[in-house]
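A structural walkthrough
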Amino acid sequence: MSTRSPRSRATARSATELARHELARHHHRPTQARLAILATLAPLDQPVFVNDLISEVTDVPTSTVYATLRQLVDWGLVSRLDSIRGRSYYCLPRRHDAPMLCAVCTRCGHLTVVDPSPGTGHEPPARYHRALTRAGITAIERVDIYGVCRDCAT
Ligand SMILES: [Zn+2]
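In short, a report on the structure.

**Structural notes on the overall build of the protein chain**
A tally of regular secondary structure across the protein chain gives 6 helices and 6 strands. N-terminal to C-terminal, the α/β element order of the protein chain is α-α-β-α-α-β-β-β-β-α-β-α. Taking all 154 residues of the protein chain together, 22% fall into the buried category. Sequence-distant contacts, at least 24 apart, represent 58% of the contacts inside the protein chain between residues at least 6 apart.

As structure tokens, then:
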């Protein structure tokens, strides 16, 4: 994975067990591709760029990774976060009460979840909620902040 890859918290073995459990819970077969993708995503703190995910899941053909990702997203087992210029990031679904707050670099398209865990006080200001409610959006799922990342700024 690239130097941008989020750090790992769990061992590969426990991540695979988690993936197997999650597939069984939803009555899906634990294929090699499904297990590999879920186990790769499980320990990550941040959504991963699809190219980095593909380079991590080396024993699965690229076309199978894409097809399996579409399937897992359809089933709600994986979340896809779209950045600019068609860049897609993937992560396990997050349980969040507050909207997901994402930072997107306008030059390279890198996407980072600013606040991965809810209740840490980084929710968007109430005035954004009021403005969005006026615009007819009552359930805010994600707020993106655009800027230039550290790598692109230097
Ligand atoms: Zn950048």
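**Quick notes on helix 2 (residues 32–41)**
Most of helix 2 sits out of view: 8 of its 10 residues are buried. Buried within helix 2 we find Arg34, Leu35, Ala36, Ile37, Leu38, Ala39, Thr40 and Leu41.

**A look at the nonpolar core**
In terms of nonpolar packing, the biggest core is built from 28 residues, with Ile37, Leu38, Ala39, Leu41, Val48 and Tyr90 touching the most fellow members. Of all the secondary-structure elements, those providing two or more residues to this core are helix 1 (12–25), helix 2, strand 1 (48–49), helix 4 (62–74), strand 3 (88–91), strand 4 (100–105) and strand 5 (111–113). The greatest single-element share of this core, amounting to 6 residues, is contributed by helix 2. Here this core gathers at least three residues from each of two domains, domain 1 (12–91) and domain 2 (100–153). What Tyr90 contacts, discounting residues up to four positions off in sequence, is Leu41, Pro47, Val48, Val50, Leu53, Leu69, Val78, Ser79 and Arg80.

**What to know about the sheet that holds strand 2 (residues 79–82)**
Pairing in this open sheet of 3 strands is antiparallel, and the strands run 1-3-2 from one edge to the other. Where the open sheet ends on each side, the last strands, each with one partner, are strand 1 and strand 2. The sheet contact formed by strand 2 and strand 3 spans 4 bridges and is antiparallel. Across the sheet, Arg80 pairs through a bridge with Tyr90, a residue of strand 3.

**As for helix 5 (residues 126–134)**
The periodicity of an α-helix, 3.6 residues per turn, causes residues three or four positions apart to be oriented the same way. Across the 9 residues of helix 5, 0 count as buried, placing the element largely on the outside. Gly136 occupies a position one or two residues after helix 5 and carries a positive phi of about 95°.

**Notes on unusual backbone geometry**
Unusually for a residue other than glycine, His27 sits at a positive phi of about 60°. Look at His27 and you get exposed, because 7 C-beta atoms sit within 10 Å.

Cut-off values and rules
Residues numbered from 1 in each chain as written. Predicted model: local features only at pLDDT ≥ 70, side-chain atom pairs only at ≥ 80, totals over all residues. Helix = DSSP H or I, 4+ residues; strand = E, 2+ residues; numbered from the N terminus. Buried ≥ 20, exposed ≤ 12 C-beta atoms within 10 Å, placed from the backbone. Contact = placed C-beta atoms within 7 Å. Core = buried A, V, L, I, M, F, W, Y, C linked by C-beta atoms within 7 Å. Domains from an automatic or database assignment. Pairing = 2+ DSSP bridges.

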